[in-house]
Structures are given as structure tokens and as C-alpha cells.
Amino acid sequence: MVDTYFLSQGLTTLAGLLLLPFGSLAASQIEDQAEQFFRSGHTNNWAVLVCTSRFWFNYRHVANTLSVYRSVKRLGIPDSHIVLMLADDMACNPRNPKPATVYSHKNMELNVYGDDVEVDYRSYEVTVENFLRVLTGRIPSSTPRSKRLLSDDRSNILIYMTGHGGNGFLKFQDSEEITNIELADAFEQMWQKRRYNELLFIIDTCQGASMYERFYSPNIMALASSQVGEDSLSHQPDPAVGVHLMDRYTFYVLEFLEEINPASQTNMNDLFQVCPKSLCVSTPGHRTDLFQRDPKNVLITDFFGSVRKVEITTETLSLQPDSGVIESSYKKDQMVEDLMEPLKYAEQLPVAQIIHQKPKLKDWHPPGGFILGLWALIIMVFFKTYGIKHMKFIF
Amino acid sequence: MAAAVRLVLLVLLLLGPGVWGQAEPPRDSLREELVITPLPSGDVAATFQFRTRWDSELQREGVSHYRLFPKALGQLISKYSLRELHLSLTQGFWRTRYWGTPFLQAPSGAELWAWFQDSVTDVDESWKELSNVLSGIFCASLNFIDSTNTVTPTASFKPLGLANGTDHSFLRYAVLPREVVCTENLTPWKKLLPCSSKAGLSVLLKADRLFHTSYHSQAVHIRPVCRNARCTSVSWELRQTLSVVFDAFITGQGKKDWSLFRMFSRTLTEPCPLASESRVYVDITSSGQDNETLEVYPPPLTTYQDVILGTRKTYAVYDLLDAAVVSTSRSLNVQLKWKRPPENGYIHYQPAQDRMQPHLLEMLIQLPANSITKVSIQFERALLKWTEYTPDPNHGFYVSPSVLSALVPSVVAAKPGDWEESPLFNSLFPVSDGSSYFVRLYTEPLLVSLPTPDFSMPYNVVCLTCTVVAVCYGSFYNLLTRTFQIEEPRKGGLVKRLANLIRRARGVPPL
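Per an unreviewed UniProt entry, chain B goes by GPI transamidase component PIG-T isoform X2 and derives from Odocoileus virginianus.

Looking at an unreviewed UniProt entry, one finds chain A named GPI-anchor transamidase and attributed to Odocoileus virginianus. Under Subunit (unreviewed entry), UniProt gives the following word-for-word description of chain A: "Heteropentamer. Part of the GPI-anchor transamidase complex, consisting of PIGK, PIGT, PIGS, PIGU and GAA1. Interacts with GPAA1. Interacts with PIGT; this interaction, via a disulfide link, stabilizes the expression of GAA1 and PIGK and links them to PIGS." Quoted verbatim from the Pathway (unreviewed entry) heading of the UniProt record, the comment on chain A is "Glycolipid biosynthesis; glycosylphosphatidylinositol-anchor biosynthesis."

Written out as C-alpha cells, the structure is:
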């Protein structure tokens, strides 16, 4: 009895000992899964791409924005989740030798405009006010859905801005500016209204680093094409089009993004290395102190791609046409129509009717100051010349 | 159990004739057509029309099942109680003088006009919301439409569809001339089509060809139409039209031959499976006239003749749903070829380069008999540098005369005689045969007065500057350096002063 008891206890301890390593293995597996679950906490992706320059010689800014649009669409973000703002129309500009195209590379290699493009804010609609309204969500109720940023607290948003800028400001359409303080406050409003989970801000202008200096909201990562005091330079002119096609920083970012596909594991540290000073002439900068995760754990596709929950099934579904519904309601219509009298089309130019139309009476407005002054002058001159005695004959 | 089975059988028999009775027409249908018209000026106009007809009363029933009719527009009609909607986006201008009368012209920019139903209480509010929603659907800045550019016409713009009373207070019209049309407007327009751009005529809608044109107009028209000949009920009709005019000279390298592939860089492969009709019409009216030999390839199986816009026209019809049309080569590429070389056989143009070479324009023209042919060229005057003017610029600048070299048919054929034997005045130009003679004529030189600057400007500038300097500097100098003394005012008028002068002359003390 006693030995069996001891044997069983030994067995249980042995089993327990064997279970322990299994348990720890299982626990680490669960930990891995849990870490992956918390790695990227976003459920949807949005992109706000803004080009702020007008006029033909700023062709490169539109090409910059469209190349980021193209990459973002290619990696999976649909048009309904992209707000594209272009301040001028380059593709159908009368000065464009190849209409409906915007090229990013000389020799017309890559048409970033493409055949399937939806511009949400164009021409005069690209203003500082509209941009801030899009970001903060304070939009008039009649704005259509395609012009709204309908993000929530699990959205990762990519914001790309390009144009002409300076130390602390970005110029919109050569007539107004947005300062870095306004931008930082807008992002804080977004954070307080829980409109983003993580935000990536990229700016390609002169002295771009000044625009992210003032950010103070959490979970923002920022990249700029040049430091304060440096100018961002353009890449190459094209003799056929006649203007510079792209800016250097965005050109190399586009080259980098062309190699990314929706499943790639490239992280943000590679994006920080994209345009060294030898290629870009200016020094690209970045800011990650507000971001909670380590940049080497942040995938490029967290911001440039899209989360899509896809379930693949191998069984087929056959759809039956529901002709029963259509036929029954058609019969109902046929019964009703027999009771009504025939309708007719309107006459396009009923001359007799138009001639005899009574015009609307215009509202009577009292005469303005000029007319009154003129009449007073005339009357004064008359009475001064001919004397006041004539007044009793007038009135 | 048996009773239930018998009941089921009875029910089935009752439903039988209902379900498989005479073929009911479908509730919505799509017709697509493309009309290609060679224009008198040598250009080619192509007009696409896609018509979706939907036999449904949108107002009465709450519709939620959309098949061919796009849901975005159907919801628009029911939400804003629209009776008609016409929206067009156009780039360019239809030149009626060179191109003839258009089927449907639209103003440059964006034009939107709509008739609302009688049940709408606040038309202006609905109009504003409608323009905002349309700006989102078509990616155009239609949200700029407000009271400053909206009018209510009182006599024109009568409804194009069925109407039972035309109270113009339910009509609104607005135009945005600054609006640009580009691919971002074409993309959502194409997505409204049932076959999108995958099959049928819409495969030809490629943006890079459609915008490389002299005129591009796309429109959406929604209106109620009669459902049948009795016209007792209403169907909704959606027409999407797209008109383009291709510049034959730029895109066709000067030849008047064209084909679908050359215009659109695509050919037609199959009709849209959802379309009940899919046709291509080519205007071949001029093929029957004198001296015009053109041929359309592949030869049409049917033709269509009718009086269109006042004149009798003949059209070659290619029905894509007819298997014989697309069968042989699996793709349809309609080509138009001129059997003879066309009138403008040769054109050579070399534009000028400033201060390096002049313009050169050479044309070979065949003149029709008993007619007057006018050739005109437009030019602009530019401003020269001030050193490039001649001493007498107000005389003007000369443009060298044009040269006309012509082979004129002789009334009487001449015998080509021996060169040495004939008199000198007959052997100036060598003649190959006597049926026509060669002549070279010149026009007058053109004297053009260019805007001349005012060359006396330096003189004026010097005078003005000197005056200003003298007045300002001189005054300051005087103020700073002169001393001032008080002088007793002299009493007396002019007469006294004159008397004093005489007294001084006499040597007598003054008054």
C-alpha cells in the first residue's frame, strides 16, 4: 500500500514536472499571440493627402501628392478612406502637353494620375479652414461622405502635406498660411475627440521640420524633408513638360514604397533612412518622442496599407433570382395604371404662353443718397437763381 | 396528407400561368449607342449615349432593390423629390461654324438645372443640399453653387420629361464657368454605368484619349418618360452622354482617315451583357455625294436613313448584339478611309522662333470649280525690345507677301512645242502637257502697325525728375540757408504803384 502510494505520488510529481515545461511553452506561445494582438491596435486606415500650391510651375507638388495617393491605394486603402486635396489642376491644364496625365519621372515613365482617381477637394476648396474642418470633424451637415474624415479611436491616419513653406508655416494657394501651432492644436483636438489611434505626419516643404516642432499630443510620428534653415529641392525637370516633375524627398520615398507590398514587414526605421543628405541635399528629419511604440516595431503597412479582414471560403453559393417579388409588384402597377388618364410632355417653347405671362412686380426701393443729393442740388440752384417766390407755384 | 398534396398542386397550377405567362418586359433596361460624325472641318465627333430606363414609381414605393439604375442617383431622386435633373461638365466650346449643329450642346464649365416636384416646400434648401451631394458624387466643386449664381428662369428650360403643370418656382438653374473637367469627374461618371468600363461601348472611355480633344462634354440627364404608347404611367430615364471632338490634324498626323483604334486606342470586343441594345452609328451622308469617295470598313450590314436636325442623313449601323458583326475577328475596329487623296493633301508648317527664323506655311489645295476659297491665318502682335525698333516705328512693320503657285486647266489644250523654236515669252515655265498651265501669283505685302512705346519717355522722365528735385531740394535749401526779414506791407493799389514808378523816374520822393 505504502509503496503504491509513494509510486503514485512519484508519478504525479513526475507528471507535474513534465507538465511544467509544457506549461511554460504554452504560456510563451500565448504570450506571443497576445503580443501580436496588441502590436498594432488599429482596425482601419485613413489617409489625408494635401497639395497646397497653385499654378503650373508648382506641378511637382501635385505630382508628389498623387504619387503618395497611388502608393496608398496600391497598398490597400480604398478611395472612401482617402481625402485627397489638390489645389490646382495640372492634368487637364491647357499647358500640359499630354492631357489627363501627371508624370513623376522624366521620360514619362510613371503616370501617377492614372485612370481611376477621385479628388475630394479641388481648386478653390483647398483652404486652411477646410483642411482644419476635415481634421477635426467640424464639417457642415450637408458635406458629402467622400469629403469627410470619418475616423474613430482605432484608426491609423496618414497625413501628407506638400507645398511651399517656411519656418513655422505652410502656404496655402499663395494667399493664406497655416502655422505649426494651429496644426498642433488641431491634432490635440483630434486626440481629445478620440479621432485617431496613431498618426503619421509627413511633410515635404522647405524647412519642414519646423512644422512638427510644436506637436504635443500622444501617438504622433512625424517625418519632414528638411530641417529648419534648409530648403527642400526638386528632383529633375522634364524638357517636354517644361517644369520640375517631383521633389527629391518624395521621389525617393516613392521609390521606396514601390517595393512594398501589402504583406511586407519593412518597418519605420527603413523609412527614416530613405533620403540621405547625399541624395536629398537637405537633411530629412523625424520625430518619434510622442510615439509609444518603438519605430522598429511599426510596420510601413500600418499607415500606408489597410487592414482588411478577409475570410476565404471554398464552398460556392448559388443565387436564385427572386422573380416572384418583381412579378407581383409589376401586376399591382398594371392595375393602377388603367385608371389614370394619359400624361403628356411639356412644350419646349410655348411662344403664345410666354408672351402673355405677367412679369413679376419688382419691389419698390426708396431712392439712394446719390439721387437725393442730386435732386437737392438742382432744387437749390433753381431757387437761388429765380428766387424763393416761385416756391408757392411749385408746391 | 393527400389533401395537403392536392392543395399544393392546386396552388402550383394557379401560380403556373402567372409565372410562365407571356414574357413580361424587364423592369429596367439599358441601351447604349455611339455616333461617329466626320465634321466638315476634317475633325471627328464621337457622341456616346447610355440610357437606363427604369419602370418604377420612385415616389410611391420605398425602393431598395436597384439593378441597372445606379443607387446613388435613385436615392437622390427620392430624397429630394426631384422631377428632373440635368448636370453637365464641359471643357472647350462647340464651334458651330466649323463643325455644324451639335446634338446636344453644353456650356463651358459646369451647368446644373433641376425641376423639383410640387410637394417640395423649401426649394432653395433642397437645391443647396442637392448641389452638395452632387459635388461629392462627381468630385466637382458644385458646392460653390449658392444664391449668388442660381437663377429661376421664367420662360425657358421647360421640363424635358413628362410634366403636368409648369410652375417655374420649382425650377433652379446654375452655371459654374470656372469648373475644370478631368479624370476625377470621368471616373465616378463611368462607375454609374451598369457595365462600368469593362464591356460594351464603355471600354472606349479612356481618359488619356478623351481629354486630348478640342471639346469634351459629359452629362447626366434624369427625367420621367412615358412607359408605353398609352402613356398612362411613368418610367424614369437616366441618360449619360459624352461628346468629344477629336482634332484630326493633331491626332491623325494630317490624314483624314480615322479608326476607332486611332481615336480611342481601343477596339470593341463584346457588347455589354446587361444591355438590350448596343450600336455604333457612323455618319456616311457624304459618301453618296459627288467626288467624295470614302469607304467604311468593315462594310455595314444595315444602314439607317432619317431627317436629323433638318437634313437628310445616312448612318452605317453596327449592332454589337448581332453575332455577325463581332464574330470574325473578335474585335470591331470601325475604319474610315478616303479612296482618293483628300483636298488638303499636303501641309507643311514651320513655326517661327523668336529672332531666329520666320513662320513658313505651305499648303497644297485642290480648288473646287465655280467657288471661292478663302485661306486665313490668325496672328498675334508681340512687343519688341526697345532697341529693336526702327527709327520710324509708327510706319509699321511689313509681312512678306504670300506666294500662290497654281496649275490652271487650259480652256484650249496647247501643244508642247520645241523649247528653242517657241518665242521667249512662251518658254518661261516648263510645261509637261498642254492641258494646264502654270502660273505664280503674289499677294500684296501686309503692313502691320505694332504697339510702339513712347520713345520720348526718357525726355519726360528727365524733366519730371529735375522739376521734382528742384522744387523739393530747392525749397529745403532756401528754408535752411535764407534768412527772413519782416517787410512793411505797402499800402495802395496798382495805380499808386504806377505813380510811384513815374515819380522815381522823375527823381521825386514816392507817395
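Asker: Please clarify how the overall build of chain B should be interpreted in this entry.
Answerer: Looking only at helices and strands, one finds 11 helices and 20 strands in chain B. The buried share of chain B, reckoned over its 511 residues, is 37%. Contacts in chain B between residues at least 24 apart in sequence constitute 69% of all its contacts with a sequence separation of at least 6. Put simply, chain B shows about 31,600 Å² of open surface, and 59% of that area lies on carbon and sulfur atoms.

Asker: Help me out: how do you make sense of the pattern of salt bridges in this one?
Answerer: It is possible for side chains bearing opposite charge to pair when their charged atoms get close. Applying the stated criterion across every chain yields a total of 28 salt bridges over all chains. Here A:K73 and A:D116 are joined by a salt bridge, their closest N and O atoms 3.9 Å apart. Here A:K73, found in helix α2 (residues 59-74), pairs with A:D116, found in the loop between β2 (82-86) and β3 (121-122); they are 43 residues apart in sequence, far enough to count as distant. With its nearest N and O atoms 3.0 Å apart, the salt bridge here joins B:D124 to B:R172. Here the residue B:D124 occupies a position in helix α4 (residues 123-138), and B:R172 occupies one in strand β6 (residues 171-176), the gap between them amounting to 48 residues. The exposure class of B:D124 is partly exposed, given its relative accessible area of 46%. Salt bridges here are not isolated pairs; linked through shared partners, they connect A:K73, A:D79, A:D116, A:E118 and B:K191.

Asker: Explain a nonpolar patch on the surface here, please?
Answerer: All names here are of chain B. Residues I347, Y349, L361, M363, I365, L367, V375 and I377 make up a contiguous nonpolar surface patch of about 740 Å² in total accessible area. Sorting the residues of the nonpolar patch by element identifies β15 (346-350) and β16 (360-364) as the ones contributing at least two each. Looking at the element boundaries, L361 is found in strand β16.

Asker: Sorry, what's going on with the confidence of the model for chain B here?
Answerer: Do not read the predicted coordinates in detail wherever pLDDT is low. Chain-level pLDDT for chain B is 83 on average; 87% of the residues reach the 70-or-more range. Throughout residues 7-26 of chain B the model reports pLDDT below 50, and contacts reaching past four residues in sequence, or to other chains, amount to 7 contacts.

Asker: Mind showing me how you'd approach the UniProt feature "transmembrane region" (unreviewed entry) in chain A here?
Answerer: The positions UniProt marks with the feature "transmembrane region" (unreviewed entry) are residues 364-383 of chain A. As a span, residues 364-383 of chain A carries 75% helix and 0% strand, and end to end its C-alpha atoms are 30 Å apart.

Asker: Explain the packing of aromatic side chains here, please?
Answerer: Think of a pair of aromatic rings as described by two things: how far the centres are apart, and how the planes are tilted against each other in angle. Residue and element names in this part refer to chain A. In total, this model carries 25 aromatic pairs over all chains according to the counting rule given. One residue, K147, lies across the ring of Y121, its end atom 5.5 Å from the ring centre. One cation-aromatic arrangement involves R194 over W191; the distance from NZ or CZ to the ring centre is 4.8 Å.

Asker: Would you take a moment to explain the layout of surface pockets for this structure?
Answerer: To find leftover empty space, a probe the size of one water molecule is rolled over the atoms. Each pocket or cavity is described by its volume, and for the second largest pocket that value is around 660 Å³. Around the second largest pocket, the lining is made up of 23 residues, and of these A:R145, A:S146, B:A72, B:G136 and B:I137 lie nearest the centre. Contributing elements (two or more residues each) for the lining of the second largest pocket: α2 (71-80), α4 and α5 (183-191) of chain B. At 5 residues, α2(B) tops the list of elements feeding residues into the lining of the second largest pocket. Considered class by class, the residues forming the lining of the second largest pocket number 12 nonpolar, 5 polar and 6 charged.

Asker: Would you mind going over the interface of chain A and chain B with me for this structure?
Answerer: By a frequent convention, interface size equals the accessible area lost on bringing the separate parts together. Taken residue by residue, the interface counts 43 residues in chain A and 49 residues in chain B. Taken together, the two surfaces of chain A and chain B that pack against each other cover about 4,000 Å², and 48% of this comes from carbon and sulfur. The interface formed by chain A and chain B includes 6 salt bridges. The salt bridge involving A:R122 is made with B:E184; its shortest N-O contact spans 2.9 Å. Our count for the contact surface shared by chain A and chain B stands at 19 residue pairs in polar contact (both at pLDDT 80 or more). Mapped onto the side of chain A that touches chain B, the elements with two or more residues apiece are α9 (323-337) and α10 (351-355) of chain A. Element by element, the count of residues in the side of chain A that touches chain B is highest for α9(A), at 8 residues. Here the residues of the side of chain A that touches chain B sort into 20 nonpolar, 7 polar and 16 charged.

What counts, and at which threshold
Residues numbered from 1 in each chain as written. Chains lettered and ligands numbered in written order. Predicted model: local features only at pLDDT ≥ 70, side-chain atom pairs only at ≥ 80, totals over all residues. Heavy atoms only, no water. UniProt positions renumbered as here; feature names shortened; annotations may be inferred. Helix = DSSP H or I, 4+ residues; strand = E, 2+ residues; numbered from the N terminus. Buried < 20%, exposed > 50% of the residue type's maximum accessible area, 1.4 Å probe, protein only. Contact = heavy atoms within 4.5 Å. Areas by Shrake-Rupley, 256 points an atom, 1.4 Å probe, with all protein chains shown as cover. Salt bridge = Lys/Arg side-chain N within 4 Å of Asp/Glu carboxyl O. Patch = residues over 30% accessible without salt bridge, like charges linked within 9 Å, V, L, I, M, F, W, Y side chains within 5 Å. pLDDT = per-residue confidence, 0-100. Phe/Tyr/Trp six-rings, centres within 6.5 Å; stacked < 30°, edge-to-face > 60°. Lys NZ or Arg CZ within 6 Å of the ring centre and 35° of its normal. 1 Å grid on protein atoms, 1.4 Å probe; cavity = no way out; pocket = protein on both sides within 12 Å on 5 of 7 lines; lining within 4 Å. Points joined across faces, edges and corners; volume = space filled by probe spheres on them. Nonpolar A, V, L, I, M, F, W, Y, C, P; charged D, E, K, R; others polar. Buried area = accessible area lost by both parts, 1.4 Å probe. Polar contact = N/O pair within 3.5 Å; in protein donor to acceptor, adjacent residues only side chain to side chain.

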